[in-house]
Amino acid sequence: MPSGAAYKSGPRWRSRGLGSPTTSKATPEIARRSTEGLEGAVLEVELRDVTYDNWEECIALRVSEAQQRMVAPNVYSLAQAKVQPECVPLAIYAGDTMVGFLMYALDRDDGNWWIYRLMIDERYQGRGYGRAALEKAIDRIRKEPGCTKIIVSLKPDNTVARTLYRSVGFVETGQQIGGEDVLCLSW
Ligand SMILES: CC(C)(COP(=O)(O)OP(=O)(O)OC[C@H]1O[C@@H](n2cnc3c(N)ncnc32)[C@H](O)[C@@H]1OP(=O)(O)O)[C@@H](O)C(=O)NCCC(=O)NCCS
């Protein structure tokens, strides 16, 4: 039982008494790139490491205000990855544009592979990038040693993410952790 495993994909800061995440609208210029080339056809999605060259772009990605309680800010996730080396943070690219972020890990509490985070910047949502990134992530996580299932937890009212996860094969486990519904993909 992954005690303390709550909010694996959500805003863990709340229960840690860390207060609200920064919701500053000030977004560094670096992320405000032209979306030219992203209109129309959906570009090939690629998962790339977060590095010295792109981490600022990563922390500048934003979901909508209404979605902010669904997922921790990327800066929080990168900080978590620093102190929890089992976390694998990945930037989601469509062509050369970073459109989102995801993070997975072999959970130290329950020994399962989890998708802790998945977000697409609000400017790029609804274009198929979330689904494409999730499918790539699943392909990658499946190849991790000993991986026979992938777990995710979601806010009960996160209908969009629930629909997405269910559509790629995740099923409800009936379990709740930290107020979040747990879904599992196994094979
Ligand atoms: C969930 C999220 C990653 C989806 O990314 P996205 O790029 O917008 O999603 P896609 O365009 O690939 O759509 C994937 C599926 O999501 C669902 N979906 C997307 N937008 C939707 C909307 N506005 N209403 C209902 N369902 C929607 C659909 O099932 C869609 O599949 P379909 O187009 O084949 O019907 C994105 O909405 C997001 O970042 N949300 C905030 C963070 C979050 O909730 N993360 C999950 C918990 S960690």
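Coordinates for the structure precede this section.
Residues numbered from 1 in each chain as written. Predicted model: local features only at pLDDT ≥ 70, side-chain atom pairs only at ≥ 80, totals over all residues.

*Asks:* Talk me through the overall build of the protein; I want residue IDs and the actual numbers.
*Replies:* Of the regular secondary structure elements, the protein holds 4 helices and 7 strands. Along its sequence from the N terminus, the protein presents helices and strands in the succession β-α-α-β-β-β-α-β-α-β-β. A burial count over the protein gives 34% of its 187 residues as buried. (Helix = DSSP H or I, 4+ residues; strand = E, 2+ residues; numbered from the N terminus. Buried ≥ 20, exposed ≤ 12 C-beta atoms within 10 Å, placed from the backbone.)

*Asks:* Summarise the nonpolar core; cite the residues concerned and give the values.
*Replies:* One finds Ile92, Leu102, Tyr104, Ile115, Tyr129, Ala133 and Val152 to be the most contacted residues of the largest nonpolar core, which totals 45 residues. For this core, the secondary structure elements donating two or more residues are α1 (55-60), β2 (87-94), β3 (97-106), β4 (113-120), α3 (129-142), β5 (149-154), α4 (159-167) and β7 (180-186). (Core = buried A, V, L, I, M, F, W, Y, C linked by C-beta atoms within 7 Å.)

*Asks:* If you had to explain α3 to someone new, which residues and values would you point to?
*Replies:* The terminal C-alpha atoms of α3, which comprises 14 residues, lie 20 Å apart, in line with the 20 Å expected from a rise of 1.5 Å per residue. Considered for burial, the residues of α3 that qualify are Tyr129, Gly130, Ala132, Ala133, Leu134 and Ala137. Looking at the buried positions of α3, the neighbouring elements they touch are β1 (45-49), β2, β3, β4 and α4. (Expected span 1.5 Å × (residues − 1). Contact = placed C-beta atoms within 7 Å.)

*Asks:* Run through the sheet that holds β1, naming residues and quoting values.
*Replies:* With mixed pairing, the 7 strands of this open sheet are ordered in space as β1-β2-β3-β4-β5-β7-β6. Edge positions in the sheet fall to β1 and β6 (171-177), since each of these pairs with one other strand and no more. Strand-to-strand, the axes of this sheet are offset by a mean angle of 30°, without reference to chain direction. Relative to β2, β1 is paired through 5 bridges, and the arrangement is antiparallel. The residue bridging Leu47 from the neighbouring strand is Ile92, located in β2. The strands that helix α2 (residues 74-83) touches are β2, β3 and β4; relative to β2, the one it contacts most, it runs at about 140°. (Pairing = 2+ DSSP bridges. Axes fitted to C-alpha atoms, helices over the stretch in contact; angles between N-to-C directions.)

*Asks:* Residues and numbers for the pairing of β7, please.
*Replies:* In this sheet, β7 lies alongside β5 in antiparallel orientation, the contact comprising 6 bridges. Bridge pairing in β7 places Leu154 opposite Asp181. Judged from the 4 bridges that link them, β6 and β7 form a sheet pairing that is antiparallel. Across the sheet, the residue bridging to Gln176 is Asp181, located in β7. Between β6 and β7, which pair antiparallel one after the other, the connecting turn spans 2 residues, and Gly178 there sits at a positive phi close to 55°.

*Asks:* Describe the environment of Cys147, and please don't skip the residues or the numbers.
*Replies:* Mapped onto the elements of the fold, Cys147 is located in the loop between α3 and β5. Through-space distance from the C-alpha of Cys147 to that of Leu106 is 9.1 Å; in sequence the pair is 41 residues apart. Not counting the four nearest positions on each side in its chain, Cys147 is found in contact with Trp113, Ile141 and Arg142.

*Asks:* Quick rundown of the environment of Asp107? Include the residues and the values.
*Replies:* Counting through the fold element by element, Asp107 comes out in the loop between β3 and β4. Judged by C-beta crowding, with 18 C-beta atoms within 10 Å, Asp107 ranks as partly exposed. Distance from Asp107 to Gln84, taken between C-alpha atoms, is 9.7 Å for residues 23 residues apart in sequence.

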